[in-house]
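Coordinate analysis (summary)
If you want the building blocks of each chain, they are given just below.
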Amino acid sequence: MRKRLTITNLKKMKQDKNPISMLTAYDYPSALLAEEAGLDVILVGDSLGNVVLGYDTTIPVTLEDMIYHTRAVARGAKNTFIVTDMPFMTYGIGRESTLRNAARLMQEGGAQALKLEGGTDIASEVEALVKAGIPVMGHIGLTPQSVHQLGGYKVQGKLEREAEKLMEDAKALEAAGAFAIVLELVTEPLAEAISKELSIPTIGIGAGRGCDGQVLVYHDILQYSSPYIEKKMVKTYADIGSTIRNAISSYVSEVKAGAFPAEEHSFGAKSAAINHLYGAGEAANNSSNQASGEESPKRDFVSNHS
Ligand code: KIV
């Protein structure tokens with residue numbers, strides 16, 4: 001069994017030029033599969049607001065939502081390092097409430113670290129969290145919780161003054177004690193320069209090849225949505241959306257056609273008593289196994305679910 005990574009391991013991975021793989025997960029099965037696949041870090045991102053809850057932005061996501069989903073992920077990935085997003089307005093509003101909200105995500109959710117969006121503006125809160133013993137991952141560049149302030153989902157750091165500000169933010173987060181920083185939708189040269197400047201790992205999303213690790217959204221790499229919207233920064237590795245749609249459509253057709261359930265999905269009576277009372281029924285009469293009144297030998301399922 002693989003051991004869960006620590007922030008020390010993650011920092012060492014940067015030194016060793018061993019790229020860090022991070023992916024979002026929001027529930028028990030996605031966490032189980034991510035762990036089985038050998039992922040380094042799971043992010044319980046507030047992107048769950050978009051891809052799981054159907055909101056247009058991450059802004060409506062609550063602390064309760066994040067606790068609920070982190071708990072499910074923690075049950076599925078007991079040996080993977082889990083980072084959870086602090087949602088909109090649960091930090092940056094004073095140290096005391098930031099610490100209280102962070103404590104709930106760690107204690108009730110079971111995260112190993114928290115991610116906060118922002119740079120110099122939240123550095124003092126990052127420092128307070130780190131002093132309280134909470135590992136913090138920063139997040140700069142396109143910060144979705146500020147989408148209305150940024151004027152949309154646009155590449156950041158294209159202008160000289162924007163690039164200087166992002167470099168300043170990255171350094172402030174490192175100085176405040178962050179153990180890693182997500183760089184989202186940042187130009188490749190700037191992301192590479194920030195990665196070289198810092199001693200802590202950078203994890204890119206739409207930030208090119210110069211980062212120390214990469215993060216993507218579970219639903220994006222699997223095309224697990226409808227309609228699926230292509231994004232330049234995403235590579236899709238499977239088309240689960242089509243697979244699920246086709247499977248459900250086959251199920252609907254078979255139910256309508258009376259092809260499901262078939263004999264092998266049905267439970268016969270142990271004795272002839274039920275048949276005696278109510279008759280074997282039309283479906284059972286068409287089946288020699290059912291007509292004998294004996295339970296099918298294929299019924300493993302019955303022991304747990306009858
Ligand atoms: O919420 C999220 O999924 C994120 C990633 C896009 C980095 O913050």
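Refer to the structure presented above.
Throughout what follows, the structure given in this document is the object of discussion. (Residues numbered from 1 in each chain as written. Predicted model: local features only at pLDDT ≥ 70, side-chain atom pairs only at ≥ 80, totals over all residues. Heavy atoms only, no water.)

Quick look at the pattern of salt bridges now. When the charged atoms of two side chains with opposite charge come close together, those side chains can pair. Inspection of the entire model under this criterion finds 12 salt bridges. Between R209 and E188 there is a salt bridge, with its nearest N and O atoms 2.7 Å apart. Of the two residues, R209 sits in the loop between strand 7 (202–205) and strand 8 (213–216) while E188 sits in helix 9 (residues 188–197), which places them 21 residues apart along the sequence. On the accessibility criterion, R209 (73% relative accessible area) is exposed. Each member of the salt-bridge network shares a partner with another, and the members are E64, R104 and E108. (Salt bridge = Lys/Arg side-chain N within 4 Å of Asp/Glu carboxyl O. Helix = DSSP H or I, 4+ residues; strand = E, 2+ residues; numbered from the N terminus. Buried < 20%, exposed > 50% of the residue type's maximum accessible area, 1.4 Å probe, protein only.)

G45, D46, S47, D85 and K115 are the nearest of the 13 residues found near the ligand. Interatomic distance of 3.0 Å between a side-chain N/O atom of D85 and an oxygen atom of the ligand. A distance of 2.7 Å separates an oxygen atom of the ligand from a polar atom in the side chain of K115. Alone, the ligand offers 260 Å² of accessible surface; in the complex the protein occludes 95% of this. Class assignment of the residues belonging to the shell around the ligand gives a composition of five nonpolar, four polar and four charged. (Near = heavy atom within 4 Å. Polar contact = N/O pair within 3.5 Å; in protein donor to acceptor, adjacent residues only side chain to side chain. Areas by Shrake-Rupley, 256 points an atom, 1.4 Å probe, with all protein chains shown as cover. Nonpolar A, V, L, I, M, F, W, Y, C, P; charged D, E, K, R; others polar.)

The next subject is the packing of helix 2 (residues 28–36) against helix 4 (residues 63–76). For the pair helix 2 and helix 4, interaxial distance at closest approach is 7 Å and the crossing angle is 40 degrees. The orientation of helix 2 relative to helix 4 falls into the category oblique. In this structure, helix 2 meets helix 4 at a crossing whose hand is right-handed. For the pair helix 2 and helix 4, the contacting residues are Y28, A31 and L32 in the first and A72, V73, R75 and G76 in the second. (Axes fitted to C-alpha atoms, helices over the stretch in contact; angles between N-to-C directions. Parallel < 35°, antiparallel > 145°, perpendicular 65-115°, else oblique. Left-handed = near helix turned anticlockwise from the far one by under 90°. Contact = heavy atoms within 4.5 Å.)

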